[in-house]
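Here's the letter readout for the chains.
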Amino acid sequence: MIRSGSIGHYKKILHFQTIRESSTPWNIRLRELAKEGLFREGLELYCQMLRSGVFPNVFTFPFTLKSCAALSLPFSGSQLHSHVVKTGCESDPYVMSSLISMYCKCSLVGNGQKLFEQSPQPRKLTVCYNALIAGYALNSQFTNASNLFCRMQRTGVAFDDVTMLGLIRICTLPMHLGFGMCLHACNVKWALDTNPSVGNCLLTMYVKCGSVDHARSLFDAMPKKDLISWNAMINGYAQNGLATHVLDLYQKMELSGVDPDAVTFVGVLSTCAHLGAHSVGRDIEQQITRKGFGFNLFLTNALINMYARCGNLTRARRIFDEMQEKSIMSWTALVVGYGMHGQGQTAVQLFDKMLSTGILPDGAAFVSVLSACSHAGLTEKGLEYFSQMDRYYGIKAGPEHYACIVDLLGRAGRLQEARELIASMPVEPDGAVWGALLSSCKIHGNVELAELAFEHVIELEPTNVGYYVLLSNIYSEVEDLDGVARVRVMMRERKLRKEPGCSYVEHKGKVHLFLADEKRHPQTKEIHRMLDGLQDLVNETDVWKQNPKKKSEGIHSEKLAIVFGLLNSQSGAEIVVMKNLRVCGDCHLFIKVVSKIVDRKIVVRDASRFHHFRDGLCSCNDYW
DNA sequence: ATAGGGTTAG
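What counts, and where the lines are drawn
Residues numbered from 1 in each chain as written. Chains lettered and ligands numbered in written order. Predicted model: local features only at pLDDT ≥ 70, side-chain atom pairs only at ≥ 80, totals over all residues. Heavy atoms only, no water. Helix = DSSP H or I, 4+ residues; strand = E, 2+ residues; numbered from the N terminus. Buried < 20%, exposed > 50% of the residue type's maximum accessible area, 1.4 Å probe, protein only. Contact = heavy atoms within 4.5 Å. Lys, Arg positive; Asp, Glu negative; His and termini not counted. Charge placed at Lys NZ, Arg CZ, Asp CG, Glu CD. Phe/Tyr/Trp six-rings, centres within 6.5 Å; stacked < 30°, edge-to-face > 60°. Near = heavy atom within 4 Å. Polar contact = N/O pair within 3.5 Å; in protein donor to acceptor, adjacent residues only side chain to side chain. Nonpolar A, V, L, I, M, F, W, Y, C, P; charged D, E, K, R; others polar. Expected span 1.5 Å × (residues − 1). Pairing = 2+ DSSP bridges. Core = buried A, V, L, I, M, F, W, Y, C linked by side-chain atoms within 4.5 Å. Salt bridge = Lys/Arg side-chain N within 4 Å of Asp/Glu carboxyl O.

1. Considerations on the overall build of chain A
Part 1 of the argument: A count of helical and extended segments in chain A gives 34 helices and four strands.
Part 2 of the argument: Considered along the principal axes of its C-alpha atoms, chain A spans approximately 100 × 55 × 50 Å.
Part 3 of the argument: Residues counted as buried form 50% of the 624 residues belonging to chain A.
Part 4 of the argument: In chain A, the share of contacts with a sequence separation of at least 24, taken over all contacts with a separation of at least 6, comes to 67%.
Part 5 of the argument: Each charge class in chain A can be summarised by its mean position, and for the 67 positive and 61 negative side chains these summaries are 5 Å apart.

Written out as structure tokens, the structure is:
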């Protein structure tokens, strides 16, 4: 393995002027290694080349510099820079652009900039401008990049499609989307005909700005779609939480004969994780194994995440244990999994083990462990972590951490403390923070505080129907019918309709989605027949008759999903229903009784923390 | 034979 610094030892060799072996075969091998992504091997070969007394030339450095950039080894990179100077290659514009790019990718934009400015004007070719513009883009320096582009035009240096790629990349914030759309307008021809990269880059820009619809129309309009186009679109949907679109597009991709690669699977797996689509995910894993992608860190982490969120912690753990190189993503994904499935102790132990391994936690890692503590009722432990965040690790708590702690205190019944914590927050509380307080008020039946939390949460997220439903349920639990009516009026005034609640069950690699009163499912008749039968049985039981809280509910989506599960799963297997708890009404008692009657375990999992529902609801006919 | 650039996880 190459250590940064080791390249320096060979500098002396470069002084000797003897007859030398040709560098050509070495350069060719270097090119091959770079192409295969074997960057460490490439750098080792370079050292070997110097040891053998072979002189590097202008064809050598681009490959080695690329390796330093890819591995983010600025020290080795700057040593290569000195080799470039020693061998007189610095006057070569291509080597210079490689150097600029290397510095920028190692976050040393200043060095790249200095190099660029020091070089005389005639030597600054388009590639040099491109390298620096891309470097600015990589380091989110919007103004510098656009200024350099202006300067390029003033100086009369031609720009090309690669210049455009750099410029488009800086428009990933909604505030810059206007500029990006101008670039799109100017580049229609390139984007569509010549170079799919430009289209892919524009597509990603739209996705990152949240304009998925723009991205999709561009995608549909591209005549030359390559693998990366498909990946960009699939991952775009995945990042914006449009689960059905991801699976839909993935299917279309397979049909159109494009071979998915590791990047494709990362997006699809993340969607499976959010949907709890365990068997789709397992299917993907088999494909991955067949294709031999097993060693990709991104992919392995995506797999762990998928299994962990789907509740298959044994499998997630096994993949995790077998990894030779773990990243913070791997640990966090597993902590999230244990936390989600009620194994808070294990989550905490794992998090502590991560710390003892020397991995520094980041903000997201703390979110995972804090939420695990809150779900498992490990209140003190959670508060301890929270206090350590800034003190030991210098991580400032964001609203997402406060939301966890409010939830933690709230579940423990410490509502006043939760409220005081919100008041003391150095950052503005967001909807999730007040929402957590509101949910806690529902658990503990605190109407007064609920009203306060509701006022705030509605100000921040006026169109989030879930909160209205939550408050209405709080009122109805204390039989405050005026309250319920007030919420109804408020919703009507704001033209908000309660989104139909939805539930789904996974069966044989397909996700079957049900709305309340859903009649479009192919098995509707059977389902209703069985549901009616069950309801009759339920009505006869003593538990049902004696419970004052029973309600004459309508046909909840989860009832349909449960019955579908009963009809289609093996006898004895547990029925897992995913449901957006915040929007759906409850039928706990019904489930409890049915579970006794049919002697099956029925698990209802909360899927509402995933914002994927809007999408699912729109296409309730999709079974895949 | 050399350059700059597009897609990926918690």
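2. Thoughts on the packing of aromatic side chains
Part 1 of the argument: Considering all chains together, one arrives at 14 aromatic pairs under this definition.
Part 2 of the argument: On the basis of an interplanar angle of 80 degrees and a centroid distance of 6.5 Å, the ring pair of Tyr 392 and Tyr 393 is categorised as edge-to-face.
Part 3 of the argument: For Tyr 392, a relative accessible area of 52% translates into the label exposed.
Part 4 of the argument: Taking relative accessible area as the criterion, Tyr 393 reaches 27% and is therefore assigned partly exposed.
Part 5 of the argument: Residues Phe 454 and Tyr 468 carry aromatic rings whose centres are separated by 5.4 Å and whose planes lie at 85 degrees to one another, so their mutual orientation is edge-to-face.

3. As for the protein's contact with DNA strand B
Part 1 of the argument: If you check the shell around DNA strand B, you find 47 residues, and the closest are Val 127, Asp 160, Arg 169, Ser 197 and Asn 200.
Part 2 of the argument: For DNA strand B, the fraction of atoms within 4 Å of the protein that belong to sugar or phosphate moieties is 43%.
Part 3 of the argument: For DNA strand B, a base nitrogen lies 3.1 Å from a polar atom in the side chain of Asn 301.
Part 4 of the argument: In terms of residue count, helix α12 (residues 196–208) provides more of the surface near DNA strand B than any other element does, six residues in total.
Part 5 of the argument: Looking at side-chain class alone, the surface near DNA strand B contains 21 nonpolar, 17 polar and nine charged residues.

4. Things to note about helix α16 (residues 262–275)
Part 1 of the argument: Here α16 is 14 residues long and its end C-alpha atoms lie 20 Å apart, about the 20 Å a rise of 1.5 Å per residue gives.
Part 2 of the argument: Among the 14 residues in α16, 11 count as buried, and that is most of the element.
Part 3 of the argument: Among the residues of α16, those classed as buried are Ala 262, Thr 264, Phe 265, Gly 267, Val 268, Leu 269, Thr 271, Cys 272, Ala 273, His 274 and Leu 275.
Part 4 of the argument: Where α16 is buried, its residues meet α14 (227–239), α15 (243–255), α17 (278–291), α18 (297–309), β1 (502–507) and β3 (575–579).
Part 5 of the argument: The distance from a side-chain oxygen at the start of α16 to the backbone nitrogen of Val 263 is 3.1 Å, and the residue carrying that oxygen is Asp 261.
Part 6 of the argument: Following α16 by one or two positions, Gly 276 adopts a phi angle in the positive range, close to 70 degrees.

5. Quick notes on the pairing of β3
Part 1 of the argument: In terms of burial, β3 is largely enclosed, as four of its five residues are buried.
Part 2 of the argument: Bridge count between β1 and β3: two bridges; the pairing is antiparallel. Residue pairing in the sheet places Tyr 504 in a bridge with Met 578 of β3.

6. Things to note about the nonpolar core
Part 1 of the argument: With 165 residues, the main nonpolar core has Ile 100, Leu 203, Leu 437 and Leu 438 as its most contacted residues.
Part 2 of the argument: Looking at this core, the element that brings in the most residues is helix α28 (residues 465–477), giving eight residues.
Part 3 of the argument: With sequence-adjacent residues up to four places away left out, Leu 438 is seen in contact with Ala 450, Ala 453, Phe 454, Val 457, Tyr 467, Leu 470 and Ile 474.
Part 4 of the argument: Among the nonpolar cores identified, the runner-up in size contains 22 residues, and Trp 544, Leu 560, Ile 575 and Phe 590 belong to it.

7. Comments concerning the side chain of Thr 264
Part 1 of the argument: The topology assignment puts Thr 264 in helix α16.
Part 2 of the argument: For Thr 264, a relative accessible area of 0% translates into the label buried.
Part 3 of the argument: A polar atom in the side chain of Thr 264 sits 3.0 Å from the side chain of Asp 261.

8. Observations concerning the pattern of salt bridges
Part 1 of the argument: Tallied over the full model, the rule gives 15 salt bridges.
Part 2 of the argument: A salt bridge links Lys 291 to Asp 259; its shortest N-O distance comes to 3.0 Å. One end of the pair, Lys 291, is in helix α17; the other, Asp 259, is in the loop between α15 and α16, with 32 residues separating them in the sequence.
Part 3 of the argument: Here Lys 291 falls in the partly exposed class, since its relative accessible area comes to 30%.
Part 4 of the argument: When the shortest N-O distance is used, the salt bridge between Arg 318 and Glu 322 registers 3.4 Å.

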